[in-house]
Amino acid sequence: MPRRWNLLPVLCLALAACVATPVAMAQDDYGLPELGGASASVSSGEEYRLGRAWLRQFRAQTDEWEDPIARDYIHGLVARLLPYTDVHDPVIVTMVDSRLLNAFAVPGGVMGVNSGLFTFADSEDTLASVIAHELGHLSQHHYARRMQRVEETQLPTMAAMLAGMVLAAGGAGDAGLATMVGSQAAFIQDQLAYSRRFEQEADRIGLDAMADAGFDPQAMPEMFRAMQHLASLQGGNPPEFLLTHPVTESRISDTQTRANQLPSPAPHTSKVFAMIRGRALLSLHRSDPEQAMTRLRQDDPPEAAVRYLQALIDAQRGNTAKALATLDALSEAQPDLSMLPASAAEVALDAGQRDDALRRARRILRLQPDYYPAQRIEAEVLLQQAPDQAFNVLRDMSDQYPEDPHVFALLAEAAGRSGRDLWGMLARAEHLQLTGHIDRAIKQIDIAEQTARDRGDFAMASRLGERRQAYLGYRQTLRNF
């Protein structure tokens, strides 16, 4: 990926580490925020609308790290830390397929995690320290508080800088840079200076949350030292995380002093983290799986994690039987880890063994009905074998995961295969708006609404009309970019 991706986010994300308070959403609107509104004041509602608009444009311009098992793990870490951070609303995590070491938070309660973070984080405590720090920004409403320091130009400035990051993500480096720095140099300098206190606050909140959640707070100053060392080795191309979270000796000293005052748990190694790390490394080194194994072994992982990664490599090479045998043995030894049988179901599905994949997924769902990786596998198999059942499963999932574009893509296909064309149009429109293609989504909803009226299905026409109004409001917010 070009170096410009490293350079641009600092200006945007230094302003964007913040909190969101979602607006009320109707039960049947799939969670799309009503992104319209003409108020010029910066409220939590404005943060929410800008953040959701940014997320959709970000999805349109970047590559997602599409891994349901890793997704569930990261959401679990967030959920473990969340009660201790004063963040009371749900946080959306977007996973980015990028080798760059980075995590970030933007208005609207959106957190991003790059797969490349796993190349640096060699323990669960290290990863938790990064996530806890970002939750610290969200909990302290840093964006809203920062905006109190400027005049009414604050909202256009924020929109312009978020737009610049989207442009940069899409490869328009010069345009993105011009968008962000244009005439805002003095503003940016003031805000970066003001953010030093916010970084300290986020560190403090993150350290306390780590200790309360059972993680080792010593991991945060250790992480800062390691990043500082990495930056010195990389010279003028430091880790992306450091561009938005500068590390100084005083900051390291402050976090170390605070960490020393907090309890540390007994040293331990998380097998689950090591396995998820193996998945991330395999995704990053998909063309050379042995490099993923070499990188994992460098940090002396649990043997179970090595066997797990080897099973994934075997599956990638077409040795399905060997991979399943290893995963089944690991599952038998560690029956509480749902990711192991889910990985086996995933391997079976990828190998075309649909009946086996469905059997394995449903065995998990009997014990954990809301386990997302197994839900996805069940839905994908049913889509091929029983579209009517798939439609019902995916309708439920769309209520449960209203911000997940993949669920709506599958729902659109299930609706089409089961003869529910109006539902298929609606689901396709939802997928389009979630991935930043709002004009296409509006065209899709217009066609669906007219079709419903022509058929005399006025209940569906009314539903579609409500969604159209929400889309129009969303498009207006996008135009602020």
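Keep in mind that this is a model prediction, so the values were computed, not measured.

Asks: Would you mind going over the sheet that holds strand β1 (residues 92-96) with me for this structure?
Replies: Sheet strands pair by backbone hydrogen bonding; their relative direction is either parallel or antiparallel. Spatial strand order, β1-β3-β2: three strands in an open sheet with mixed pairing. Of all strands in the sheet, those with a lone pairing partner are β1 and β2 (103-106), marking the two edges. Across the sheet, the mean angle separating the axes of adjacent strands is 20° when strand polarity is ignored. Pairing between β1 and strand β3 (residues 110-114): five bridges, direction parallel. Opposite V96, over in β3, you have N114 as the bridge partner. Across the face of the sheet, helix α4 (residues 68-81) comes into contact with β1 and β3 while running at roughly 135° to β1. Helix-sheet contacts for helix α6 (residues 124-139) involve β2 and β3, and the interaxial angle to β2 is about 15°.

Asks: I would appreciate a short explanation of the layout of surface pockets in the present structure.
Replies: Which parts of space are left empty comes out when a probe the size of a water molecule is rolled across the atoms. Each pocket or cavity is described by its volume, and for the largest pocket that value is around 880 Å³. Lining the largest pocket we find 40 residues, and of these R71, H75, I92, V93 and E403 sit closest to its centre. Of all elements in the fold, only α3 (44-61), α4, β1, α20 (372-385) and α22 (405-417) reach the threshold of two or more residues within the lining of the largest pocket. Here the lining of the largest pocket gets six residues from one element, more than from any other, and that element is α4. Residues that form the lining of the largest pocket fall into these classes: 20 nonpolar, eight polar and twelve charged.

Asks: How do you make sense of the nonpolar core when you look at a structure like this?
Replies: Burial of nonpolar side chains together is a common tendency in soluble globular proteins. Among the nonpolar cores identified, the biggest contains 126 residues, and I74, L81, L127, I131, L135 and M339 are the most heavily contacted of them. Discounting chain neighbours no more than four positions away, the residues touching M339 are I69, V272, M275, I276, Y308 and Y371. Ranked by size, the runner-up nonpolar core spans eight residues in total, among them L55, V96, F104 and V106.

Asks: I'm lost on the pairing of β1 in this one. Help?
Replies: Side chains on a regular strand alternate between the two faces of the sheet. The buried fraction of β1 is high, at five of five residues. Of the two faces of β1, the one holding I92, T94 and V96 and the one holding V93 and M95 are both buried throughout.

Asks: I would appreciate a short explanation of the packing of aromatic side chains in the present structure.
Replies: Two numbers describe a pair of aromatic rings. These are the distance of the centres and the angle of the planes. Counted by the stated rule, this structure contains seven aromatic pairs. Plain terms: the ring middles of F118 and F273 are 6.0 Å apart, the flat faces sit at 20° to each other, and that makes the pair stacked. Of this pair, F118 sits in helix α5 (residues 117-120) while F273 sits in helix α14 (residues 271-284), and the two are 155 residues apart along the sequence. Residue classification places F118 among the buried residues on the basis of a relative accessible area of 0%. You can call F273 buried: its relative accessible area is 3%. A ring pair is formed by Y372 and Y401, whose centres lie 4.9 Å apart and whose planes are at 75°; its orientation type is edge-to-face. In this pair, Y372 is assigned in helix α20 and Y401 in the loop between α21 (387-400) and α22, connecting sequence segments 29 residues apart. Owing to a relative accessible area of 2%, Y372 belongs among the buried residues under this scheme.

Asks: For this particular structure, what's the right way to read the packing of α6 against helix α11 (residues 219-234)?
Replies: Across the interface, α6 lies against α11 with an axial gap of 9 Å and an inter-helix angle of 95°. By the angle between their directions, the pair α6 and α11 is classed as roughly perpendicular. Where α6 abuts α11, its residues D125, T126, S129, V130 and H133 lie against A219, M220 and M223. Residue composition of the contact of α6 with α11, by class: four nonpolar, three polar and one charged.

Asks: Explanation requested: the environment of Y73 in the structure shown.
Replies: Structurally, the position occupied by Y73 is in helix α4. With sequence-adjacent residues up to four places away left out, Y73 is seen in contact with E124, L127, V272, F273 and I276.

Asks: Is there a simple way to explain the pattern of salt bridges in this structure?
Replies: When their charged atoms lie close together, side chains carrying opposite charge are able to pair. Counted according to the given criterion, the structure contains 26 salt bridges. For D203, the salt bridge is made with R251, and the minimal N-O distance between the two is 2.7 Å. Placement of D203 in helix α10 (residues 185-213) and of R251 in helix α13 (residues 249-260) is noted, with a sequence separation of 48 residues between them. Overall, the relative accessible area of 3% leaves D203 in the buried class. One salt bridge connects D314 with K322, and the closest N-O pair in it is separated by 4.0 Å. Among the charged side chains, a network of salt bridges with common partners joins R52, R56, R59 and E403.

Parameters at a glance
- Throughout, residues of each chain are indexed from 1 in the direction in which the sequence is written.
- Local features in a predicted model are, by the rule used here, given only for residues with pLDDT of at least 70; side-chain atom pairs are given and counted only at 80 or more, and totals for whole chains, interfaces and linings are based on all residues.
- Just so you know, side-chain values use all the structure's heavy atoms and leave hydrogens and water out.
- Two strands pair if DSSP finds at least two bridges between them.
- For helices the rule is a DSSP run of H or I covering at least 4 residues; for strands it is a run of E covering at least 2, with both sets numbered from the N terminus onward.
- An axis is simply a line fitted to the C-alpha atoms; with a helix, the fit covers only the stretch in contact. Between two such axes, the angle follows the N-to-C directions and lies from 0 to 180 degrees.
- Here a residue-residue contact requires only that any non-hydrogen atoms of the pair lie within 4.5 Å.
- Cavities and pockets were defined on a 1 Å grid built from protein atoms only: a cavity is a group of points that admits a 1.4 Å probe but offers it no way out, a pocket is an open group of points flanked by protein on both sides within 12 Å along at least five of seven lines, and a lining residue is one with an atom within 4 Å of any such point.
- Grid points are joined across faces, edges and corners, and a volume is the space filled by probe spheres set on the points.
- Under the scheme applied, nonpolar residues are Ala, Val, Leu, Ile, Met, Phe, Trp, Tyr, Cys and Pro; charged residues are Asp, Glu, Lys and Arg; polar residues are all the others, including Gly.
- What makes a nonpolar core is a set of buried Ala, Val, Leu, Ile, Met, Phe, Trp, Tyr and Cys residues whose side-chain atoms join them at distances within 4.5 Å.
- Relative accessibility under 20% of the residue-type maximum defines a buried residue, over 50% an exposed one, and the middle range a partly exposed one, all with a 1.4 Å probe and only protein chains included.
- Centres within 6.5 Å make a pair out of two Phe, Tyr or Trp rings, where for Trp the six-membered ring is used; the pair is then stacked when the planes are under 30 degrees apart, edge-to-face when over 60, and tilted otherwise.
- Each angle gets one of four labels, with under 35 degrees taken as roughly parallel, over 145 as roughly antiparallel, 65 to 115 as roughly perpendicular, and the rest as oblique.
- The working definition used for a salt bridge is a side-chain nitrogen of Lys or Arg within 4 Å of a carboxyl oxygen of Asp or Glu.

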